[in-house]
Every structure is written in C-alpha cells, then in structure tokens.
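Given next are the chains, with one letter for each unit.
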2 protein chains.
Amino acid sequence: MTTIKDIAKAAGVSITTVSRALNGYSDVNEKTRQKIMDIAKQLNYSPNTLARGLVMNKSKTIGLLVSGLTRESAKDNFTFEVLAGVNEYVSEVDYDMVLFSTTSTKQREKTYTQLCRERRVDGAILQGIRTDDPYLHEVVESEIPCVLIDIPIESKTVGYVTTDNVLGAKKAVRHLIELGHKRIAMINGYEYAFVSEQRVKGFKEALIEAGLPVREYWIANGAFREEIAEREALRLLQQYPEITAFFCASDLMALGVIKAVKQLGKRVPDDVAVIGYDDIILASYSSPALSTIAQDKFAMGYEAAKLLIDMLEGNAQSHVKILETELKIRGSTVKKDG
Amino acid sequence: MTTIKDIAKAAGVSITTVSRALNGYSDVNEKTRQKIMDIAKQLNYSPNTLARGLVMNKSKTIGLLVSGLTRESAKDNFTFEVLAGVNEYVSEVDYDMVLFSTTSTKQREKTYTQLCRERRVDGAILQGIRTDDPYLHEVVESEIPCVLIDIPIESKTVGYVTTDNVLGAKKAVRHLIELGHKRIAMINGYEYAFVSEQRVKGFKEALIEAGLPVREYWIANGAFREEIAEREALRLLQQYPEITAFFCASDLMALGVIKAVKQLGKRVPDDVAVIGYDDIILASYSSPALSTIAQDKFAMGYEAAKLLIDMLEGNAQSHVKILETELKIRGSTVKKDG
DNA sequence: ACAACAATCCGAAACGTTTTGGATCATAAC
DNA sequence: GTTATGATCCAAAACGTTTCGGATTGTTGT
C-alpha cells in the first residue's frame, strides 16, 4: 500500500509538500503539484482515512443507530427507506455511514455512546428507538451531535426530523368523516412512541372539530404489530359492532385490522372502512389496497443526514425539519351510503 | 476524551502497561490490572479505534457494497434482509459494517477498491451487482478479501454464498408439471446475472426430464422489473394463448405477470398459473398469494458475513456456502383440471 | 545595496494506540 | 555467593497523516 512517504520519495519533495499538494493548498507550485498528482495516480495511492481521522480528530463517518433491524422488520420498509435516504445524502457529500443495531441476539454489551466514541463517528442518526429507551437519553446527553427521527428533542447538539403527525392523523380522520363515517375507532401504537401521542391527539381533534364524541374505549394499542392490531380490532368489533371505520397508526396494523374485519364475515370497505399510516409497500398491494397517510421515508432519511452533516460543519440554520404528509385514497375507504 | 495516557498517569504506570492490562496480557500483575481497569471505567475510557486500526493495520470493519439501494428497491426486500443478516453476524463478533452504494445520483467517482482501501475495510461483501459490472473484476482482482452473493467466483481471497438455483428452478417447474401444466413459459431476469443463467438452465432441464419440448421463444427477459415482466407476459400471452403457466425468475416479475394475466381477462391460477422466485414479503400479501421458491435472504447475509470474517481470521474451511431453497405453494398455482 | 515581501518548500511534532526488546528485582537453584 | 529464572514493568519506535513555525529563495521598491 503506497503512502504519502513513497510519493514524497518518488517526487523528491517532503511529505509536507505532498500532503499540501494533494489537499489543494495554495503554497505549492503548480508544476510540483501536477508532478505529485501524477505520481500519486501512477502509484495508485489511496489516503489512509484512519491516519487522517486520527490527527484531524474526525472521521467523516456518521452512525445510523436503528433498533429492530430484524428479519421481520422487512415488512415494514420504513427502516430500509430511511437507511436508503441517509445513504444517498451521505454519499453525495462523501461521508460514510456505519450501521449500529441493538437487536443482536446476544444483547450488545456496549452502549450507543460507547459505540459512537469507539468508532469515532462524527455524529449519529437515531431511528426507530422508543422514547423510554435508556440509550436515548444517554446519547442525547453525551456531546455527540445527533439527529433523531420522529422524536422532538432539541439542544445545541441534537436536532430532529419528523412530520406533523397531528395534522396527518387529522387528514385521515377527516377523510373518513367526509365519507360519512361517524363511529370511528382507532388502533394506536404504544405509549412510548412520540408519534402515537401525536396521532391520537390528531384523531381526537378531528372528531371534536366535526362535533363527534370521543370514546376513549374505542382507542386500543396495537404495539405497531399486525397480529396485536388484529386481535384488538376483533375485540372492538365484537364488543362494539356499531363501529364503521378504523384509523390505524400504522399500515401494518391496518392490515391486521382488515384481517379481523374479514374474519368476522364483514367486508372492507363496505361494512368497515380502514385507513392506515406510513404508506408502506404492502399498502398498495394488499386487497383491498389500503388508504393511508403517506410519509416520505426516504426523504426523512435524506433530510436527517443533511441536517446532521450541516450541524457537524457548522452551517445548520435550524435543528428541526418537518416534512409533509399526503393522504392516499385507495380501496379500503369508500363513500358510505346510508 | 480520555486516553490511555490519562489512565497511565492516574495509575502511576506506563502506557505500555495500561495497554497490556486492558488487552489481557499475562505479564501484568493482577492487582495493577484491577487498578487500571477501575480507573479506566471511572474515567469513562473508550479506546480509539482509529489509532488502533492504524497501528494494527486492520479496522475490524467490513464493507457492504450494494448496487441499487434506491427508493424503489424497497419493494424487493432482498437487499434489506441480506443487510440485516450481515449486520446480525457482524455485531455478534464485534465487527462493524459500513455501507457503500453505487446508486448515488451523481455517480460516485471513486471505485469500490478505492473506497475499500481508503476506509480501510478488512474485507467486503458484494450484493446485487451484475456480472458485467466493471467494478466486480476490479474488486476480485484486488487483494481485498471479499465474498460475493450469488456470483460463483472463488480464489484465495474471494468466496461466495448462493443457493442451488438450478435445483430451485427445477422445483418450481416440477411443481407446475405435477399440477398438470404442459405449456409453460418463463420470464427470466437479464443476461448478466448468474442466477438467471442457472434458473433458465433448471427450467429447461425440468421440461426435458418430463419429456416436454423446450420452446426458446417462450422464454423472455424481464430485467427483474415488474413492468417489463408485465409487458413481456402480455406479449407472450397474446402471441401464444395456449400458455397455461409462467415460471418467473423473481417474485416482483411474477407480480407483473399476474397483472398481465388479469389485464387479458384471464384468471390466476385457473387460466394461468404463476410461480415466482425469492419469496419477498409481497408474495404472501398479493392476491392471489404467490407460490414461489423461497430463499433465506437473511441467512445469505449472515453466512456471507460469517464466511468473510472466517476468511479474514484465517479459519475458513471452504470459501463457498450453498444454502437451501424451499418451494412455497400458495394461491397462484393450483391443480389443473383437464 | 538593502529591506520588504511573496512564493515555495520543509522539519518536526502531534494524534492514540500496539509491540519490540529489554530493564529491574526478587526468588530459586546450584 | 553466584547464576539462572520468572514476574513485572517500561522506553521508544512505529503506523500515515496534518499542521505549525520557520527556512530558503527570488523579486520588488526605494
């Protein structure tokens, strides 16, 4: 592996000059620079990022900390698309991305902070972690710059990107109401998710706006899991057969709800309408296709990376980025007659 | 950030001793070791991997080179699951993974090899790259240890993991034949994919085994893309209405074929049976649910990482790992009557 | 002729580790 | 009493880069 030293020897200059030539400093003669560049190419030189990182005290690497990078999480292509978005921006600006995950079977004994510090990442993006995750506060309180996805914490070193989940939920519920639904239930995620708080808030507000009663007992938690949502929907439908529509805090749960409806011999959307949240791939392929609130997951990753790197390089205007959501009407919601 | 030097000072020993104590060498007194460990913990010490990597000349990091980490590729959860598998093993053995992708809009001007050498990855896993990708040979010919997914190249530094695609294809076609199909078409991927070569081989062998004619003009390339497969299937079905079944080299293409069949007013599986390959998430959610040859994508990633790291640490028995496939029968194939 | 200045170069230190090749000392063997 | 042995420690070099503070020229202005 050729080093700066080899180039220096071949070019008959000092390593200082080689370094400065390669890095575009102005105090090196254009002719020597050319010569050095040529030799570097000819010797097939690649700089050693470890050495550089060591002396510069930064690695041009960011960490993506995700929880739940499991076999099953493929269904929910959220993580994947965020990852793709992060990767996209990161490679545009010549950073690298290293992936950390907590779901290894033998629970990793090192904390996020330790991981970040050992690997000398310049900053981190956190995706999919619960608000009660102990690591969350550890990271936030450490001085490692980070941006959170869907958790609104802001400080000198932490920012976040999210969507307006209250508004998103409202859009969904208003849509159901416009279709003529008056008896709407909700399957939420779990307590320790910021988006859950927000979406249920939007749900209630939309009902109130329309002059409809808010029935707490028509709100159930599905833990963002398909089967649990199915079970809860089944329970609600049996207990309260008058329900005509479901608003779900995730598409995966909406799919579970659809199963529950079918299981009771009812039809979607004619007997019970269902609307989800996220717009995962499955949403448009299920039958009936799922109406949903679409989030641009790729953009969330992209913007998170952009925000983080802007913060790292000291040119971040703001530490928060709110993205738009969009109502997608498909087959699982339809005008209610009668 | 506390260093080994701080610990040395605090403990009143040399940095050598600290290093050796922390790394479990035997030539340090148990009492001093304890003291050093305590101080290290108390000072919240994390080793600097950059420095370590620099002197040891290895980074305990592997690169995952994927092509096609785009928004759209989420449909095809192949990449994601492989990634999850790689991540799983890598974190089990305390390595790290950095992601490289070629699909950045502004084509990354650096080659894979340069990326690998700059970032000082110890080895690389290549997934989803075509056999005619110029980078492929570059990587294979460089001395960077790597393992390929679904490309059978083997050398002192190169290994691969794949499945038996000939057998897999045979299983699929035999299944169709057993159901009574005699006029079977195939939608393949593209020329520059090893798996395509193999699957079409299996397709033909299965036909011959059963004494059925091989009609080259019933084999079309769908480029692993849903719309292209749909178009090709449409063309074939119009030109040869006698076709009663399709074997597709990927599930995504199979979904396209199903669309084509429906578009012609025919039904799946009654008029035309369709079987895919991969067992992506969508397969079990589409309607009808797609029969397919399942590959354990997570395991492929896991085994690739294991193989690579075994190679790196000099204890790889073999450089190749072949995984099993499994026929999954769902709604898109059914006993043919008449 | 001399000072001032710009252009171009370089030596050496620094970053935080690991490792080599001893040094020191106490104990055991002769 | 001397020597060998083992236990425990350490100084210094090395990894490949960046950068600080100057050194060496040649040119310009007076």
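Report follows, based on the coordinates. None of the values given here were measured: they were computed from a predicted structure. (Residues numbered from 1 in each chain as written. Chains lettered and ligands numbered in written order. Predicted model: local features only at pLDDT ≥ 70, side-chain atom pairs only at ≥ 80, totals over all residues.)

The full set close to DNA strand C counts 26 residues, and Val13 and Asn29 of chain A together with Ile4, Ser19 and Ala51 of chain B are the nearest of them. Those elements that provide at least two residues to the surface near DNA strand C are helix H2 (15–22) and helix H4 (49–56) of chain A together with helix H1 (4–11), helix H2 (15–22) and helix H4 (49–56) of chain B. Looking at the surface near DNA strand C, its residues break down into 12 nonpolar, 10 polar and 4 charged. (Near = placed C-beta within 6 Å. Helix = DSSP H or I, 4+ residues; strand = E, 2+ residues; numbered from the N terminus. Nonpolar A, V, L, I, M, F, W, Y, C, P; charged D, E, K, R; others polar.)

Take the protein's contact with DNA strand D next. Around DNA strand D, the surrounding shell holds 26 residues, and the nearest of these are Thr3 and Ile4 of chain A together with Val13, Asn29 and Val55 of chain B. Every element with two or more residues in the surface near DNA strand D is listed here: helix H1 (4–11), H2 and H4 of chain A together with H2 and H4 of chain B. When residues of the surface near DNA strand D are assigned to their parent elements, the largest contribution, 5 residues, is made by H4 of chain A. The class makeup of the residues in the surface near DNA strand D is 12 nonpolar, 10 polar and 4 charged.

Bringing the relation of the copies chain B and chain A into the picture now. Superposing chain B onto chain A takes a rotation of 180 degrees plus a shift of 0.0 Å along the axis, which leaves an RMSD of 0.1 Å. On the angle and the small slide along the axis, the relation comes out as a two-fold axis. Taking C-alpha positions as the reference, the residue of chain B nearest the rotation axis is valine 98 of chain B, at 2.1 Å. A symmetric contact is evident, with 100% of the interface residues of chain B recurring at the interface of chain A. (Least-squares fit on C-alpha atoms with pLDDT ≥ 70 in both. Contact = placed C-beta atoms within 7 Å.)

Here we take up the pairing of strand E2 (residues 96–101) of chain A. Residue and element names in this part refer to chain A. Of all 6 residues in E2, 6 are buried, a share of seventy percent or more. Side chains Asp96, Val98 and Phe100 of E2 all project onto a buried face; the interleaved residues Met97, Leu99 and Ser101 project onto the opposite face, where all are buried too. Judged from the 6 bridges that link them, strand E1 (residues 61–66) and E2 form a sheet pairing that is parallel. Across the sheet, residue leucine 64 finds its bridge partner in E2, namely leucine 99. (Buried ≥ 20, exposed ≤ 12 C-beta atoms within 10 Å, placed from the backbone. Pairing = 2+ DSSP bridges.)

Glancing now at the sheet that holds strand E4 (residues 146–149) of chain B. Spatially, E11(A)-E5(A)-E4(A)-E3(A)-E1(A)-E2(A)-E2(B)-E1(B)-E3(B)-E4(B)-E5(B)-E11(B) is the arrangement adopted by the 12 strands of the open sheet, whose pairing is mixed. Both outer strands of the open sheet, strand E11 (320–323) of chain A together with strand E11 (320–323) of chain B, are each paired with one neighbouring strand and no more. Across the sheet, the mean angle from the axis of one strand to that of its neighbour is 20 degrees, orientation sign disregarded. (Axes fitted to C-alpha atoms, helices over the stretch in contact; angles between N-to-C directions.)

Okay, the interface of chain B and chain A next. Listed as interface residues are 41 residues of chain B and, on the opposing side, 41 residues of chain A. At the level of secondary structure, the elements contributing two or more residues to the side of chain B that touches chain A comprise H4, helix H5 (78–92), strand E2 (96–101), helix H6 (112–118) and helix H12 (281–285) of chain B. If you tally residues by element for the side of chain B that touches chain A, the top one is H5 of chain B, at 7 residues. Here the side of chain B that touches chain A is built from residues that sort into 15 nonpolar, 14 polar and 12 charged. Two strands pair when backbone bridges link them, and E2 of chain A and E2 of chain B are joined in this way by 3 bridges, in the antiparallel orientation. Residue leucine 99 of chain A lies in a different strand from E2 of chain B, and its bridge partner there is methionine 97 of chain B.

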